[in-house]
Amino acid sequence: MDVLAAASLEQSREASLAGAREIRDVARGRLTEQWHAWFTFSPSFPGEPPAAISGNLAASMNAAMVTPDEAWVGPTAGFGRSGFYARIQELGGLMEGHPLMHFFLEGRWWERSEIFLEPRPYLQPSADDVIDSGRLHEIYETHQLAAIREATA
């Protein structure tokens, strides 16, 4: 039983990281569904994932174990404070001093010092998709079966 317990614990940790990576990959896909050019308005509507300009937000999606028992998934992209840009896209809010808050419209340049962004969630819907699809359950089941095989071999 001790061998099974140790194998189960190790496989649970591996499953947590695999689940975080699955959520990361789904989020990256959401973040690259729509694109638009620099200095143009986003074609995404509030409630949809943000449209990409450079792909930096999608590329910054990461998954890692932060403690032996806790996996983390999320973006590292940000301007100034780490992740600020990523968070305001997900949750919405007042954005100030962003370097891309100027744009070309109707034949002239416009600039804003602040803008209120409606939420454009990408991370929570990605986690929900992985859970609701049963994929997260499959990941844990596969790893626990591996623990049983390891302990009984």
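Residues numbered from 1 in each chain as written. Predicted model: local features only at pLDDT ≥ 70, side-chain atom pairs only at ≥ 80, totals over all residues. Heavy atoms only, no water.

**Student:** Explanation requested: helix α3 (residues 84-91) in the structure shown.
**Tutor:** The periodicity of an α-helix, 3.6 residues per turn, causes residues three or four places apart in sequence to face the same way. Burial in α3 covers these residues: Tyr85, Ala86, Ile88, Gln89 and Glu90. Those residues of α3 that are buried lie in contact with α2 (56-59), β3 (93-96), β6 (114-117) and α4 (123-132). Remark: Gly92 follows α3 within two positions and exhibits a positive phi of approximately 80°. (Buried < 20%, exposed > 50% of the residue type's maximum accessible area, 1.4 Å probe, protein only. Helix = DSSP H or I, 4+ residues; strand = E, 2+ residues; numbered from the N terminus. Contact = heavy atoms within 4.5 Å.)

**Student:** Honestly, the packing of helix α1 (residues 2-31) against helix α5 (residues 135-152) in this entry has me stumped. Any pointers?
**Tutor:** When two helices pack together, their arrangement is captured by the angle between the axes and the distance separating the axes. For the pair α1 and α5, the least separation of the axes is 8 Å and the interaxial angle reads 155°. Judged by the inter-axis angle, α1 sits roughly antiparallel to α5. Note on packing geometry: the crossing formed by α1 with α5 is right-handed. Here α1 contributes Val3, Leu4, Ala7, Ser8, Gln11, Ser12, Glu14, Ala15, Ser16, Ala18, Gly19 and Glu22 to the contact with α5, which in turn contributes Arg135, Leu136, Ile139, Tyr140, His143, Gln144, Ala146, Ala147, Ile148, Glu150 and Ala151. Of the residues contributing to the contact of α1 with α5, the split by class is 12 nonpolar, 7 polar and 4 charged. (Axes fitted to C-alpha atoms, helices over the stretch in contact; angles between N-to-C directions. Parallel < 35°, antiparallel > 145°, perpendicular 65-115°, else oblique. Left-handed = near helix turned anticlockwise from the far one by under 90°. Nonpolar A, V, L, I, M, F, W, Y, C, P; charged D, E, K, R; others polar.)

**Student:** Explain the layout of surface pockets to me, please; I cannot follow it from the model alone.
**Tutor:** In this approach, a probe sized like a water molecule rolls over the atoms, and the result shows the empty space that is left. In this structure, the second largest pocket encloses a volume near 170 Å³. As for the second largest pocket, its lining consists of 10 residues, of which Pro75, Arg87, Glu90, Tyr122 and Leu123 are closest to the centre. Looking at which element gives the most residues to the lining of the second largest pocket, the answer is α3, with 4 residues. Here the residues of the lining of the second largest pocket are counted per class, giving 6 nonpolar, 2 polar and 2 charged. (1 Å grid on protein atoms, 1.4 Å probe; cavity = no way out; pocket = protein on both sides within 12 Å on 5 of 7 lines; lining within 4 Å. Points joined across faces, edges and corners; volume = space filled by probe spheres on them.)

**Student:** Whenever I open this one, the pattern of salt bridges confuses me. Can you help?
**Tutor:** Where charged atoms from two side chains of opposite charge approach closely, those side chains can pair. Counted by the stated rule, this structure contains 5 salt bridges. The residue Glu22 makes a salt bridge to Arg135 at a minimum N-O spacing of 3.8 Å. With Glu22 in helix α1 and Arg135 in helix α5, this residue pair connects regions lying 113 residues apart in the sequence. With a relative accessible area of 24%, Glu22 lands in the partly exposed category. (Salt bridge = Lys/Arg side-chain N within 4 Å of Asp/Glu carboxyl O.)

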